[in-house]
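So you can see what is in the structure, the chains are spelled out below.
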Amino acid sequence: MPAMSSVLANKSTRVILIAVVAIALVVAPLILPAFTNQTLVRIGVYAVAVLGLNIVMGYTGQVNLGQIFFVGLGAYVTAYGVNHDWNIILVFVAACVVPGLVGLLVALAAARLGGLAIAMVTIALPIVGVPLAKRLDEFTGGSQGTSARFTDAPDWSGLYNDQWQFYIVLLVTAAAFLLGRSLVRGKYGRAFGVVRENEAVAASMGISPYRTKVLAFTVASIFGGASGFLYLAAVQYTSPETLSFGHSISLVAAMVIGGAGSIAGALIGGAYYVFVPQLTNAIDPNLTTISQGAILLVVLFLLPQGLVSLPRVVRRLFRRRTSRSSLPGNPPQNSPVHQPATDAAREGLEKTERQDRS
Amino acid sequence: MAASLSLKGVDLHFGGVKVLQDVTFDVEPGVIFGLVGPNGAGKTSLFNCISGHYKPNSGSITISGTEVLGSAPYRLARLGLARTFQQPALQLHATVLENVLLGGHIRLPGWPVSWALRLPYTARAERGIRAEALELLNRAGLGWAAGLPAGELSHGLHKGVELWRALLSKPALLLLDEPAAGLSHGEVEQFIKTVRRIRAEQDITIIIVEHHMGLISALTDRVVVLDHGRKLMEGTAAEAQSDARVIEAYIGKDAADDAA
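Attention in this report is confined to the structure presented alongside it. (Residues numbered from 1 in each chain as written. Chains lettered and ligands numbered in written order. Predicted model: local features only at pLDDT ≥ 70, side-chain atom pairs only at ≥ 80, totals over all residues. Heavy atoms only, no water.)

**Examining the pairing of strand β4 (residues 58-63) of chain B**
Residue and element names in this part refer to chain B.
- Bridging between strand β1 (residues 5-14) and β4 involves 5 bridges; their strand directions are antiparallel. When the sheet's bridge partners are listed, L5 is paired in β4 with I63.
- Here β4 folds back onto strand β5 (residues 66-67) in antiparallel fashion, the turn holding 2 residues, of which S64 has a positive phi close to 50°. (Pairing = 2+ DSSP bridges. Helix = DSSP H or I, 4+ residues; strand = E, 2+ residues; numbered from the N terminus.)

**Considering the interface of chain A and chain B**
- Facing the 33 residues of chain A at the interface are 37 residues of chain B.
- In this assembly, chain A packs against chain B so that about 2,900 Å² is buried in total across both faces, 64% of it on carbon and sulfur atoms.
- The largest share of the area that chain A buries against chain B comes from A:K187, A:R190 and A:M205, three residues that together contribute 27% of it.
- Where chain A meets chain B, there are 1 salt bridge.
- In this structure, B:E126 engages A:R190 in a salt bridge whose closest nitrogen and oxygen atoms are separated by 3.0 Å.
- Our enumeration of links across chain A and chain B arrives at 8 residue pairs in polar contact (both at pLDDT 80 or more). (Contact = heavy atoms within 4.5 Å. Buried area = accessible area lost by both parts, 1.4 Å probe. Salt bridge = Lys/Arg side-chain N within 4 Å of Asp/Glu carboxyl O. Polar contact = N/O pair within 3.5 Å; in protein donor to acceptor, adjacent residues only side chain to side chain.)

**Section: helix α11 (residues 245-259) of chain A**
Residues and elements named next belong to chain A.
- Between its terminal C-alpha atoms α11 stretches 21 Å, which fits the 21 Å expected from 15 residues at 1.5 Å a residue.
- Looking at α11, one finds that the buried residues are S248, L251, V252, A254, M255, I257, G258 and G259.
- Its buried side turned inward, α11 meets α2 (34-59), α3 (67-83), α12 (263-283) and α13 (288-302). (Expected span 1.5 Å × (residues − 1). Buried < 20%, exposed > 50% of the residue type's maximum accessible area, 1.4 Å probe, protein only.)

**Comments concerning the packing of aromatic side chains**
- Taken as a whole and assessed by the stated rule, the structure comprises 11 aromatic pairs over all chains.
- Members of the aromatic cluster, each reached through a chain of ring pairs, are A:F69, A:F70 and A:F217.
- We note A:R112 situated over the ring of A:Y210; from NZ or CZ to the ring centre the distance is 4.4 Å.
- The positively charged end of B:R83 is found above the aromatic ring belonging to B:F85, 4.3 Å away from the centroid. (Phe/Tyr/Trp six-rings, centres within 6.5 Å; stacked < 30°, edge-to-face > 60°. Lys NZ or Arg CZ within 6 Å of the ring centre and 35° of its normal.)

**A look at the sheet that holds strand β10 (residues 230-235) of chain B**
Residues and elements named next belong to chain B.
- Strands sit in the order β6-β7-β8-β3-β9-β10 across an open sheet of 6 strands; the sheet is mixed. Strands at the two margins of the open sheet, each flanked by one partner only, are β6 (81-83) and β10. Across this sheet, the average inter-strand angle for adjacent strands is 20°, counted without regard to direction.
- As judged from the 3 bridges shared by β6 and strand β7 (residues 173-177), these two strands associate in the parallel manner. Paired with R83 across the strands is L175, a residue of β7. (Axes fitted to C-alpha atoms, helices over the stretch in contact; angles between N-to-C directions.)

**Some details on the pattern of salt bridges**
Residues and elements named next belong to chain B.
- Counting across every chain of the model gives 16 salt bridges over all chains.
- The closest approach of N and O atoms between E201 and R197, which form a salt bridge, is 3.6 Å. Of the two residues, E201 and R197 both sit in helix α7 (residues 185-201), 4 residues apart, roughly one turn of that helix.
- For E201, a relative accessible area of 44% puts it in the partly exposed group.
- A relative accessible area of 25% means that R197 is categorised as partly exposed.

**Quick notes on the sheet that holds β1(B)**
All names here are of chain B.
- If you walk across this open sheet you meet the 4 strands as β2-β1-β4-β5, and the pairing is antiparallel. Single-partner strands in this sheet number two, and they are β2 (17-27) and β5.
- Here β1 pairs with β2 via 7 bridges, running antiparallel. When the sheet's bridge partners are listed, V10 is paired in β2 with V23.
- Packing of helix α1 (residues 43-50) onto the sheet brings it into contact with β1, β2 and β4, and relative to β2 it is tilted by some 65°.

**Considering unusual backbone geometry**
- The phi dihedral of A:Q236 is positive, around 65°, even though this residue is not glycine.
- Among the structural elements, A:Q236 can be located in the loop between α10 (209-235) and β2 (237-238).
- One non-glycine residue, B:D22, lies in positive phi territory at about 50°.
- Positionally, B:D22 belongs in strand β2.

See below:
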C-alpha cells in the first residue's frame with residue numbers, strides 16, 4: 001500500500017530530523033560564539049512566554065494583553081528566591097506556581113466577563129504591575145530593580161557561563177514546548193478550539209466555556225512565570241521596566257506573526273521578538289518603531305496565519321503552478337466512497353483549489 | 001440506557017412576550033418523539049429550554065428523574081443529553097474527524113496535567129476514541145472525508161457530521177433541531193434510514209423538531225403540536241395530521257373551513 005509506506009517513511013524521517021535537531025542543539029553552544037549563544041537563549045526565554053500567550057489567545061481565543069506581567073512576576077519571584085538562598089528547584093517551582101495562582105485568581109474573575117472585557121482586565125495587569133513593583137521595594141528593589149546571579153557555570157562542568165545558561169534555558173524551553181504541544185492536542189486542545197469558535201456548541205458537548213477559559217489563562221500564566229525564571233537566568237537582573245505594557249503588546253505581535261494557534265509559531269514568535277528589534281536598530285535606530293510596524297504589516301498582509309504558514313503557502317503556490325501546466329482537463333472522477341481516505345482527501349483539496357482559481 | 005424526559009408547566013417569557021405557556025408532556029424512554037408546529041410556535045425555544053441554553057421562568061424539566069431546570073448546559077451532557085443545531089455549528093478549519101471527536105469529550109478521562117504529560121492512559125483513551133469516531137464515519141459512508149477540513153463539505157454533509165459528533169458522546173437522549181432543513185429529497189431519505197438504524201442499534205430516546213411532515217410521519221412514534229407557545233395536541237403523527245385544530249393552526253381558520 002503506497003499510503004502506508006509513505007506514512008512510515010514520514011515517521012522515520014521525522015524521528016531522524018528530531019534526533020539531528022536535538023544533537024545540534026546540544027553541540028551548538030560549545031562551538032558558537034558567546035553572543036550567538038546569548039541570542040539563542042533570549043529566543044528561548046521569549047518563546048516560552050509566547051507559547052503561553054498562544055494557548056490562551058491563539059487556541060482559546062481570549063485576548064490577553066497582560067502576559068508580560070506574569071513574566072515579570074516570575075522574574076521577581078526568582079530573584080527573591082535566589083537572594084534568600086532557596087534551592088534552585090524550589091525557586092523554579094515558585095516562579096511557575098506564584099504567577100499561576102495569580103493568573104488563576106485573575107481568570108476566575110475575568111472569564112466571567114464576555115469577549116473584550118477580558119482584554120480590558122488584562123491590560124490593567126502591567127499598568128498596575130509597574131508602580132507596584134516600584135513601591136514594594138522590599139521584595140523588588142524598587143525602581144533600581146534587583147539582580148540575582150545563579151546561573152554561573154559550576155567548576156566541575158568546565159563550561160563558560162553562556163554555555164551553561166544555554167543548557168538551562170534549552171532544558172526548560174524544550175520541556176515547556178513538549179508539555180504545551182501535548183496539551184493542545186487531544187481532549188483539552190479540542191475544548192480550547194470549540195470555546196474559541198462557539199461557546200454554545202462547547203456547552204452542548206459537556207465543555208464548560210468558563211472553566212476552559214480559566215484553564216487556558218492559568219496555563220498561560222504558568223508559562224509566563226517559567227519565562228520569567230528563564231529571563232532572570234539569562235539577564236540576571238530585573239526591574240519594573242521588564243513588565244511594562246509595551247513589551248506585552250510586542251509579545252502579542254510576536255505571537256500573531258509567528259502563527260496564532262501553532263506551537264511551532266510560538267518558537268518563531270520568540271525569534272521574531274528577539275531579532276526584529278536588532279534588525280530595525282541596525283537599519284536606523286531612529287526609525288525602529290515605524291520599521292517594526294512596517295514589518296508587521298507586510299508579514300500579516302502576505303501571511304495572515306503567521307510565518308509558520310510560509311511553507312504551506314509556498315507549496316500551494318508551487319502546486320498551483322504545476323497543476324496549471326499539466327492538467328488540461330478534469331481527471332476521471334471515481335466514486336469517493338470507494339477510494340482510500342488519503343487519495344480522496346487530496347482530490348478534495350485540489351478540487352477546491354481549482355474552484356478558487358476560476 | 002435510553003432516558004425519559006418529563007416537562008411540567010414550563011413557562012418562558014422574553015420581557016412581555018410569552019414564548020411558552022404551561023407546556024406539559026412526557027417522553028417515554030426509547031421512543032422517537034416529534035415536536036411540530038407552525039413557525040414561531042416555540043419549538044426551538046422549548047428545545048433550548050430542554051438543553052439548558054434558555055432558562056424557563058417556571059415549571060419543571062426532568063431527564064430520567066433528575067431536575068435539570070437551571071442547570072448549566074454543559075452539565076446536561078453528563079446526564080446523557082446531546083443535541084444538534086438548526087444551523088450546523090462545526091469548526092470549519094478543523095478536520096471532519098476532529099469535529100466528530102469533540103463529541104467524545106465527556107467520555108475521555110483525565111485532568112489537563114495528565115494530558116500535558118501524555119500519561120499512557122490518556123494516550124490510550126485518545127487512540128480508542130479516534131478509532132471509534134473513524135468507525136462511525138466509515139459506517140456512515142463518510143470515511144473518505146475524515147481528513148478534510150469540515151468547511152469543504154456540503155451543507156447536507158455538515159448536518160451528518162453534527163449528528164455523528166452528537167452520537168460519539170453515547171447519548172441517552174438526543175435532540176435533533178430541524179435535521180431536514182436545507183436537505184435535498186434524497187438526503188432526507190438517507191437521514192430517515194440513518195435514524196432508523198441508530199434506533200435499532202442503540203438504546204436511545206430521540207426528540208426531533210421539524211417542519212418536514214414526511215420525515216415526522218416516517219420516524220416518530222408520538223408527536224406534540226405547539227401553537228403560540230401552547231400545547232395544541234399530543235398523539236401519533238397521523239392523528240396530528242387529521243386533527244382539525246392542527247390544520248387550523250397551520251393554514252388558518254377560513255382556509256380550514258374551505259378545505260372541509
